[in-house]
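# A closer look at the structure
Each chain, written out:
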2 protein chains.
Amino acid sequence: MHAFDRALTLHKMNDGRLAGETIPEFGNFTGQFGGITAATLLKAALMQEKAAGAPVSLTVNYTAGIKPGAFAISTRTIRLGRTLQHWGLDLMQGDVVAATALVTLGQRSDSWAHAPLAAPSVPAPENVTPLDTSDWKGWSRQYAFRFIEGSTAHLRGKPPLDVPGSARSLLWLSHVDPRPLDFPGLACMSDAFFVRLLQVRNLFPAMGTVSLTTQFHADAAMLAAQGAAPILCHVDSRVFRGNFHDQSAEMWSASGELLATSHQIVWYAE
Amino acid sequence: MHAFDRALTLHKMNDGRLAGETIPEFGNFTGQFGGITAATLLKAALMQEKAAGAPVSLTVNYTAGIKPGAFAISTRTIRLGRTLQHWGLDLMQGDVVAATALVTLGQRSDSWAHAPLAAPSVPAPENVTPLDTSDWKGWSRQYAFRFIEGSTAHLRGKPPLDVPGSARSLLWLSHVDPRPLDFPGLACMSDAFFVRLLQVRNLFPAMGTVSLTTQFHADAAMLAAQGAAPILCHVDSRVFRGNFHDQSAEMWSASGELLATSHQIVWYAE
């Protein structure tokens, strides 16, 4: 089984909750990678018997570090309409809510469509060398990062930047071990961009994502057409101030269609 | 009392919930304006006895139309840490959850700061004529809209656009009846941009905001410095497809500091 699917394996408990367990392949410095938490919560919503429609919006608030080991997800039906469903989910470790989420599922049809924002013009993924992550740890080894702009590789071992670097990155992102794109996969990738503070400062203070909202613009057919090919991602920040910074990402298919956008707010200690 | 503060008047009920009532000044075509719902939910979180810190993030999912009349807000403590607090709120009308929210409050300090995104260069608000909204109804009459770009005034009474118009707007926004800016006021204004579909198509199909996330980048001192002066707002959309479109806004102080960003996903029937 693919490591991603192992990480997302959930079993129904007698009390109706879903049981899961962290795996080291998706760990980070302090616990579990936030992207895999988002993907797990989305999958838990999609597993509900009454779940209908495709993911439209997912907000995850990261409320406590997730420790290696078991967790349980409780699910709340907030409102199930014909067109839209709203689900609420808590990921618990013992009595602690470690993450809480709102998931919206919706019925999509072949409506009027328009794409004001075009995908950036970039070299094809096969012409971009992936970052060497062979000595990295945790989740980042699961992905191939083909940076067109905004790699931090040249900053490794260097002192912090006096003049802030650009917060922008442009990259092709894919699983190292190929896996066809689905909604949980896209949710996970929507958080797979290094926290912008690292790139702007080349410093590693205590930091973490506080809240992540992913908006889905693709239907299942678009994801199927994408398959396991790399997706094109553009990431940037607007402001760093008072211990928090924002970070927004656009994620494009190989054929230049916007699949998802994500918006997060990050806490940092410095 | 200012209409905005009347709309946000909440009383503690015997069961611990907060009771409120819609007012026509903040109505819209189908019920209550989503911005005032967001502001009310944020105020309800800030009213909690244990609430500490400034708003960092607010996500509101609009789960049912809010009918004119009474509502009750129940509040859930998800996690109260020293640096961050996470609150969950439901706005109920009878047994129906009409809106649900996640609120993050945080302790801000004078951290390292950096603003990669500069405010757009625009004429001062006193040099921009406000839109004539004297024959409008509901919430939009509460605000003065000084459009620098992307007004839809010239489209009124005209047929739908064959070629999609720009989704972008740039405007100074303020209360018609001046009111010093605070966090609920900013939350409300973060939704006070006409749904982009109207501007792009000049059509009014059934539509509504599904989920709105507002990220706060200002502290109370910055809001106090802003006072009742107009804020500069930039709004745009990336994609309209499969009955949903996105919409992001940046909101700047009179002195060019980013106060908040908002990201919403809108459902439309067309």
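The present account deals with the structure reproduced in this document. (Residues numbered from 1 in each chain as written. Chains lettered and ligands numbered in written order. Predicted model: local features only at pLDDT ≥ 70, side-chain atom pairs only at ≥ 80, totals over all residues.)

### Brief notes about the environment of Thr37(A)
Residues and elements named next belong to chain A. As a reminder, the rule being used: Where helices and strands are cited, they refer to DSSP runs of H or I of at least four residues and of E of at least two residues respectively, numbered from the N terminus. Backbone-placed C-beta atoms define the burial measure: a residue is buried with 20 or more other C-beta atoms within 10 Å of its own, exposed with 12 or fewer, and partly exposed in between. Residues are scored as being in contact if the C-beta atoms we place from backbone atoms lie within 7 Å.
Tracing the backbone through its elements, the reader meets Thr-37 in helix α2 (residues 34-46). In this structure Thr-37 comes out as buried when scored by C-beta crowding, with 27 C-beta atoms within 10 Å. Expressed as a C-alpha distance, the spacing of Thr-37 and Tyr-62, which sit 25 residues apart in the sequence, is 8.8 Å. When residues no more than four places from it in sequence are discounted, the contact partners of Thr-37 are Gln-32, Val-60, Ile-66, Leu-91 and Ala-99.

### Concerning the pairing of strand β13 (residues 258-268) of chain B
Regular strands place side chains that alternate from one sheet face to the opposite one. All names here are of chain B. For clarity, the threshold we go by: Strands were regarded as paired on the criterion that DSSP finds at least two bridges between them.
Extensive coverage of β13 is indicated by the burial of eleven of its eleven residues. Relative to β13, strand β9 (residues 207-216) runs antiparallel, the two being bridged by nine bridges. Within β13, the position partnered with Gly-208 by the bridge is Trp-267. As paired strands, strand β12 (residues 244-252) and β13 are joined by nine bridges and run antiparallel to one another.

### So, the relation of the copies chain A and chain B
Inclusion rule: All copies are superposed by least squares; the fitting set is the C-alpha atoms of residues with a pLDDT of at least 70 in both.
Here chain A sits on chain B after a turn of 180 degrees about the axis and a move of 0.0 Å along it, with an RMSD of 0.0 Å. Viewed as a symmetry operation, the transformation between the two copies matches a two-fold axis. Most of the interface of chain A is mirrored in chain B, where 100% of its interface residues are also at the interface.

### Quick word on α2(A)
Every α-helix carries 3.6 residues per turn, so stepping three or four residues along brings you back to the same face. Residues and elements named next belong to chain A. What counts, and what does not: Every helix has an expected span of 1.5 Å times one less than the residues it contains.
Its 13 residues give α2 an end-to-end C-alpha distance of 19 Å, which sits within 8% of 18 Å, the value for a rise of 1.5 Å per residue. The element α2 is largely enclosed, with a buried count of twelve among its 13 residues. Those residues of α2 that sit buried are Gly-34, Gly-35, Ile-36, Thr-37, Ala-38, Ala-39, Thr-40, Leu-41, Leu-42, Lys-43, Ala-44 and Ala-45.

### What to know about the interface of chain A and chain B
Note the threshold: The classification used treats Ala, Val, Leu, Ile, Met, Phe, Trp, Tyr, Cys and Pro as nonpolar, Asp, Glu, Lys and Arg as charged, and all other residues, Gly among them, as polar.
Between chain A and chain B, the residue contacts involve 52 residues of the former and 52 residues of the latter. When residues of the side of chain A that touches chain B are traced back to their parent elements, those giving at least two are β3 (54-62), β4 (70-80), β5 (84-93), β6 (96-106), β9 (207-216), β11 (240-241), β12 (244-252) and β13 (258-268) of chain A. Among the elements that take part in the side of chain A that touches chain B, β13(A) stands out by supplying six residues, more than any other. Of the residues that constitute the side of chain A that touches chain B, the class distribution is 22 nonpolar, 22 polar and eight charged.

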